[in-house]
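A look at the structure
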There are 2 protein chains.
Amino acid sequence: MTTEGFHVLDEKSLREYIKATPSLASKLGNEVDKLDIKEVGDGNLNFVYIVTASSGSLVIKQAVPYVRLIGESWPMTKERSYFEATALKHQHGLSPKHVPEVYHFDRTMSLIGMRYIEPPHIILRRGLIAGIEYPLLAEHMAEFMANTLFYTSLLYLTTTQHKNAVAEFCANLELCRLTEQVVFSDPYKISEFNRWTSPYLDTDAEAVRKDNILKLEVAELKSKFCEKPQALIHGDLHTSSVMVTQDSTQVIDPEFAFYGPMGFDIGAFLGNLFLAYFAQDGHADQGNDRKSYKVWITDTVSGTWNLFHKIFTSLWDKHKEGPGEAFLYAIYNNAELWELVKQKYMTELFHDSLGFAAAKMIRRIVGVAHVEDFESITDLVKRADCERRALDFAKMLMKKRRNFNTITDVISAAQ
Amino acid sequence: MTTEGFHVLDEKSLREYIKATPSLASKLGNEVDKLDIKEVGDGNLNFVYIVTASSGSLVIKQAVPYVRLIGESWPMTKERSYFEATALKHQHGLSPKHVPEVYHFDRTMSLIGMRYIEPPHIILRRGLIAGIEYPLLAEHMAEFMANTLFYTSLLYLTTTQHKNAVAEFCANLELCRLTEQVVFSDPYKISEFNRWTSPYLDTDAEAVRKDNILKLEVAELKSKFCEKPQALIHGDLHTSSVMVTQDSTQVIDPEFAFYGPMGFDIGAFLGNLFLAYFAQDGHADQGNDRKSYKVWITDTVSGTWNLFHKIFTSLWDKHKEGPGEAFLYAIYNNAELWELVKQKYMTELFHDSLGFAAAKMIRRIVGVAHVEDFESITDLVKRADCERRALDFAKMLMKKRRNFNTITDVISAAQ
């Protein structure tokens, strides 16, 4: 927690750091004098270096105790790096095919050394804007979410394990606070940080701030975010936290990880797919009307939820006599009741996910941080039109989420 | 957490301990050579000494690292003493009239020195069995619960304060586990620990274990117990954790305290009042048919909830622009919405409370630990009859709790 011994690295000092750190040097074939180092951090928070040698590569990510984009005037705990490293290691253990390996973590330096996710991997959001289909995306994300959420919940953990883990991640509270503010609060009030495609969405933004029913619903979702430590969630699972190729899906950047509601992760991913969906009309041109791509996106939405449901409940069945203390098999050991239990649990999770999806969509349209899906539509009238349809859908979804029984019904509503 | 330096005191060594501890000796006018010491621990877990001198008195409570009643073969962390002392101090700060003052806490010795709650105070449960009315009980318990629950929730605390407190009390997990087992699990399965008034309730106990809908509902309540850190709850707020006179009400023994659902405390208290209510017919005799006393009990049930509702929402109104981060006033600052928010919150809390009340009643009839209200009815047929009516009411209440809008409706159902 101290800043003693911490200093921000540059290329030169990073080179020395790697030389002195066997767990990193060994990943580069110990060719530490011939390293190619490139700073690529395009995020707002951290420094990210790609380090390559002829026989190996890795990524170094260093958190600094402020928001990089703003500077030292906006402090932000560098301890987020500890939670990111801890979550990465845990998630890699649970879903090794979809989470990069951590080679090294230095808490004093807030520094993670990890696998370089090499080209042709790109950020999923970029792929969605370019109209590229990823046939395995739904399956991979379903696998990632089902495994990381199931195995960190009371469906698998004992109370002892669960409460210890909850306690540890409570300390990642600065990042939880940030989410509370930008997702659940600012979009619903006047805030200097909010922005939207003005003047086209001025009345839409005002309508959000004046919608009593919507504000009642977002309070319930915020309460679940703050007071439902259901599983170790990624905490920021939008489409820029996922890197993809045609046959690989890698989930990165879990610095917002903590014990929260599972639906927050599922909703983040689905909500961002819906944002991509509503942005497509803005990317359509004479060469490509994006109609078939929109079908692929909605298929990916339904595929993700349906496969998640299948894998998650399979894990649950598999471990029904396991250590998890939520539903002791000695109590729930009849077939009819077992089905009832799963149905009830999955229905609530579905409705949570839809609510959080809606919250994540709304905040990207009238809150502080926007998404490139819309931002890259240069015609503002067109952009505002796409955003308005996304916003109207999200508002309806948040209010009516409990009326939806299947993901297909949700997609029909979007169409 | 270490046992180093810990030893179980007896009267002689306690005398030396007090001599050497100014914060205790001073409460006894420093007359440490003329102390009257009496061991009175009638609980199953701890040693309790009443210490008196001519000019003062106090109570010493020492936890031992096992269940006292059983012996060292049933280990139980003595760290519970730390959580009890921490909760007592916090609750005394929030509700000083209804929680005894802690004079001294020694973590190594798991020893609390606190105010002696002097006669004519008796354990509330004894008073309820004797048919004694306590005209201020509802008001006092409402004050205690409203203050301790409101001020430790996100309605008053910041996220930072709340998450830090949640994390600290996660470590009281052994006692949470015990509650999970005896309240939410054992009564719903075959367990060597369960007992009931046999053979009269044999089929009733079996019916509980075979009731799919009931078991579905108790799973939801268990999930809230494990995964809803809403406020610092007492955790064991039955009628033996309350000492009373006609004008004083003192809440003791919060060793099960942790961040959990508020309804668990409210439900524990109301559920135990309902147990007392259903036991009255077993205590009726020719001299006293207990009819008017039953009316007093149900008036106390409704008074407790209605006054709690009033005080709790008043505190909320008072602090609506305060530090609490759950409902930022900048978002919820219109009169209609503010009422909607409170209504929704209080309705959910009411239904939670009814559910937990039911769970606490059921476990006292077919689980391991029974209540003197019923146990003191020596005629087993009569006792079983009282218990069966309580059990049937509790089962209905757990299943139908969401259909009740007022506490009066609940009482009508009990009658």
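Each value, and the rule that gives it
- Residues numbered from 1 in each chain as written.
- Chains lettered and ligands numbered in written order.
- Predicted model: local features only at pLDDT ≥ 70, side-chain atom pairs only at ≥ 80, totals over all residues.
- Heavy atoms only, no water.
- UniProt positions renumbered as here; feature names shortened; annotations may be inferred.
- Least-squares fit on C-alpha atoms with pLDDT ≥ 70 in both.
- Contact = heavy atoms within 4.5 Å.
- Helix = DSSP H or I, 4+ residues; strand = E, 2+ residues; numbered from the N terminus.
- Buried < 20%, exposed > 50% of the residue type's maximum accessible area, 1.4 Å probe, protein only.
- Buried area = accessible area lost by both parts, 1.4 Å probe.
- Salt bridge = Lys/Arg side-chain N within 4 Å of Asp/Glu carboxyl O.
- Polar contact = N/O pair within 3.5 Å; in protein donor to acceptor, adjacent residues only side chain to side chain.
- Phe/Tyr/Trp six-rings, centres within 6.5 Å; stacked < 30°, edge-to-face > 60°.

Chain A goes by S-methyl-5-thioribose kinase in an unreviewed UniProt entry, where it is assigned to Artemisia annua. Recorded in UniProt for chain A, the comment headed Sequence similarities (unreviewed entry) runs: "Belongs to the methylthioribose kinase family." UniProt annotates chain A under Subunit (unreviewed entry) with the comment "Homodimer."

1. Section: the relation of the copies chain B and chain A
For the pair chain B and chain A, the superposition axis carries a translation of 0.0 Å, the fit reaches an RMSD of 0.0 Å, and the rotation angle comes to 180°. Taken together, these values place the two copies in the relation of a two-fold axis. Of the C-alpha atoms belonging to chain B, the one lying closest to the rotation axis is found on A167 of chain B, 2.1 Å away. Interface residue correspondence from chain B to chain A reaches 100%, placing this contact among same-surface, isologous pairings.

2. Quick notes on the environment of F256 of chain A
All names here are of chain A. Tracing the chain through its elements places F256 in the loop between β11 (249–251) and β12 (258–260). Taking relative accessible area as the criterion, F256 reaches 11% and is therefore assigned buried. Considered as a pair, F256 and R80 are 176 residues apart in the sequence and their alpha carbons are 7.4 Å apart. When neighbours within four sequence positions are excluded, F256 is seen to be in contact with N172, L175, L178, T179, H234, G235 and D236.

3. Regarding the interface of chain B and chain A
The interface of chain B with chain A comprises 46 residues on the first partner and 46 residues on the second. Surface buried jointly by chain B and chain A totals about 3,900 Å² across both partners, of which 60% is contributed by carbon and sulfur atoms. Our count for the contact surface shared by chain B and chain A stands at four salt bridges. Across the salt bridge formed by E325 of chain A and R177 of chain B, the nearest N and O atoms sit 3.1 Å from each other. Across the chain B-chain A interface, the total number found is 16 residue pairs in polar contact (both at pLDDT 80 or more). For the side of chain B that touches chain A, the secondary-structure elements that each account for two or more residues are α6 (159–170), α7 (173–185), α9 (212–227), α12 (329–332) and α13 (335–366) of chain B.

4. Examining the environment of R107 of chain A
Residues and elements named next belong to chain A. Here R107 lies in the loop between β6 (102–106) and β7 (111–114). Take R107: its relative accessible area is 32%, and that puts it in the partly exposed class. As for R107 and S81, which are separated by 26 residues in sequence, their C-alpha atoms are 7.4 Å apart. At 2.6 Å, the side chain of R107 and the side chain of E79 are in polar contact.

5. What about the packing of aromatic side chains?
Inspection of every chain in the model, using the stated rule, returns 60 aromatic pairs over all chains. Relative to Y151 of chain A, the ring of F150 of chain A lies with its centre 5.1 Å away and its plane at 85°, an arrangement referred to as edge-to-face. In this structure F150 of chain A comes out as buried when scored by relative accessible area, which is 0%. Looking at Y151 of chain A, the relative accessible area reads 15%, which means it is buried. Pairing Y293 of chain B with W296 of chain B gives two aromatic rings, centres 5.3 Å apart and planes at 20°, and the pair type is stacked.

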